[in-house]
Amino acid sequence: MRFEEQLLMDLKAEMTARNERSRRVGRRLLAGAAVAGLAAVTAVALPLLTGPEPAYAVSENANGTITVELKEFRDAEQLEQDLKKLGVSADITYLKPYTKCQNDRGAMAGGGYDTPEEWRASVHYKVARPGPKGFVIDPRQVGKGQTMALEFTENPKGPVKAQLNAMVIEGPVKPCVPEHDPTQLG
């Protein structure tokens, strides 16, 4: 066998080996792409099958209060229904930043208040307070024929997620009519 023939055979063997290695790498890449694609489909399909994360969590406390942890400002009607199951008639309103509901939402339980001391003694102050995981409702502050009205104003710039305005209304609660809130910066 001459040198040229040996060189040609070695070259053919090397080309065959390279093609085989290339096919193996291609199969591995294809398998890797298939696994990655399956992972992506699972990441999209799992939330579709299990549904979106709940907007809030409700838990009863040993002292008779209820903790509500708000994660998103949505599903107000469902939160109202969940609170009703726990014995609390509620009207929940989520407002855009720098807004509030007009003041006349109904007759306030216990009348009005003129001083900070009267406010702290009122059911409006006691019915819902900020807590470590959201806000805490005291159902004992809402009597028969009364409704707890909670208004949440989003606060995108501040360290606190929302401003809470709570009140107890005698009888039906009038719908919220949003208006600019001059007390909020913005």
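Residues numbered from 1 in each chain as written. Predicted model: local features only at pLDDT ≥ 70, side-chain atom pairs only at ≥ 80, totals over all residues. Heavy atoms only, no water.

## Structural notes on the sheet that holds strand E5 (residues 107-108)
Rule in force here: For two strands to be treated as a pair, DSSP must find no fewer than two bridges joining them. The secondary structure listing takes helices from DSSP runs of H or I that are at least 4 residues long and strands from runs of E that are at least 2 residues long, numbered from the N terminus. Contacts between residues were defined by any pair of non-hydrogen atoms, one from each residue, lying within 4.5 Å. A fitted line through C-alpha atoms represents every axis, and for helices the fit uses only the stretch in contact; the resulting angles, taken between N-to-C directions, go from 0 to 180 degrees.
Taken in spatial order, the four strands line up as E3-E8-E9-E5 in an open sheet, and their pairing is mixed. For this open sheet the edge positions go to strand E3 (90-95) and E5, each flanked by a neighbour on one side alone. With two bridges connecting them, E5 and strand E9 (residues 162-170) associate as antiparallel partners. Paired with Met 108 across the two strands is Ile 169, which belongs to E9. Helix-sheet contacts for helix H2 (residues 76-85) involve E3 and strand E8 (146-154), and the interaxial angle to E3 is about 155°.

## Comments concerning the environment of Ala 162
By the element assignment, Ala 162 lies in strand E9. For the pair formed by Ala 162 and Phe 73, sequence separation is 89 residues and the distance between their alpha carbons is 9.5 Å. Beyond its immediate chain neighbours, meaning those up to four positions away, Ala 162 contacts Phe 73, Phe 152, Thr 153 and Asn 155.

## Considerations on the environment of Ile 137
This is how the line gets drawn: Buried means the residue's accessible area, taken with a 1.4 Å probe over protein chains only, is under 20% of the maximum for its type, while exposed means over 50%, and partly exposed covers the values in between.
On the secondary structure map, Ile 137 appears in strand E7 (residues 134-137). Overall, Ile 137 belongs to the buried group, its relative accessible area being 0%. Remark: the alpha-carbon pair of Ile 137 and Lys 126, spanning eleven residues in sequence, is separated by 8.1 Å. If near-sequence neighbours (up to four positions away) are discounted, Ile 137 is found in contact with Thr 65, Ile 66, Val 68, Leu 83, Val 88, Val 127, Ala 128, Met 148 and Leu 150.

## Here's the deal with the sheet that holds strand E1 (residues 56-60)
In space, the four strands of this open sheet follow the order E1-E2-E7-E6, with antiparallel pairing throughout. The outermost strands of the open sheet, each flanked by one partner alone, are E1 and strand E6 (128-131). Geometrically, the sheet is characterised by an average inter-axis angle of 25° between neighbouring strands, direction not taken into account. Bridge count between strand E2 (residues 66-70) and E7: three bridges; the pairing is antiparallel. If you follow Thr 67 over to E7, its bridge partner there is Val 136.

## Comments concerning the state of the cysteines
Test applied: The disulfide definition used here is simple: a pair of cysteine sulfur atoms within 2.5 Å.
If you walk through the whole model with that rule in mind, you get one disulfide. The disulfide partner of Cys 101 is Cys 176, and the S-S distance across this bridge is 1.9 Å. Disulfide Cys 101-Cys 176: the torsion about the S-S bond is -105°, which places it as left-handed. Taken together, the residues span a long stretch of sequence, with Cys 101 in strand E4 (residues 99-101) and Cys 176 in the loop between E9 and strand E10 (178-180) at a distance of 75 residues. Accessibility expressed as a relative area gives 3% for Cys 101, which makes it buried.

## Notes on the pairing of E2
Burial within E2 is extensive, with four of its five residues counted as buried. Examined bridge by bridge, E1 and E2 share five bridges and lie antiparallel to one another. Among the inter-strand pairings, Glu 60 is bridged to a residue of E2, identified as Ile 66. In this structure, the hairpin formed by E1 and E2 is closed by a connection of five residues, where Gly 64 is found at a positive phi of approximately 95°.

## Considering the pattern of salt bridges
Threshold: Salt-bridge detection follows one rule: a side-chain nitrogen of Lys or Arg within 4 Å of a carboxyl oxygen of Asp or Glu.
Considering all chains together, one arrives at nine salt bridges under this definition. Among the ionic pairs, Lys 85 bridges to Asp 82, the shortest N-O distance being 3.9 Å. Of the two residues, Lys 85 and Asp 82 both sit in helix H2, three residues apart, roughly one turn of that helix. Lys 100 serves as the salt-bridge partner of Glu 179, at 3.7 Å between the closest nitrogen and oxygen. Highlighted residues: Glu 179 in strand E10 and Lys 100 in strand E4, separated in sequence by 79 residues. Owing to a relative accessible area of 28%, Glu 179 belongs among the partly exposed residues under this scheme. Judged by relative accessible area, which is 24%, Lys 100 ranks as partly exposed. Within this structure, Glu 72, Arg 74 and Asp 75 form a network of salt bridges that share partners.

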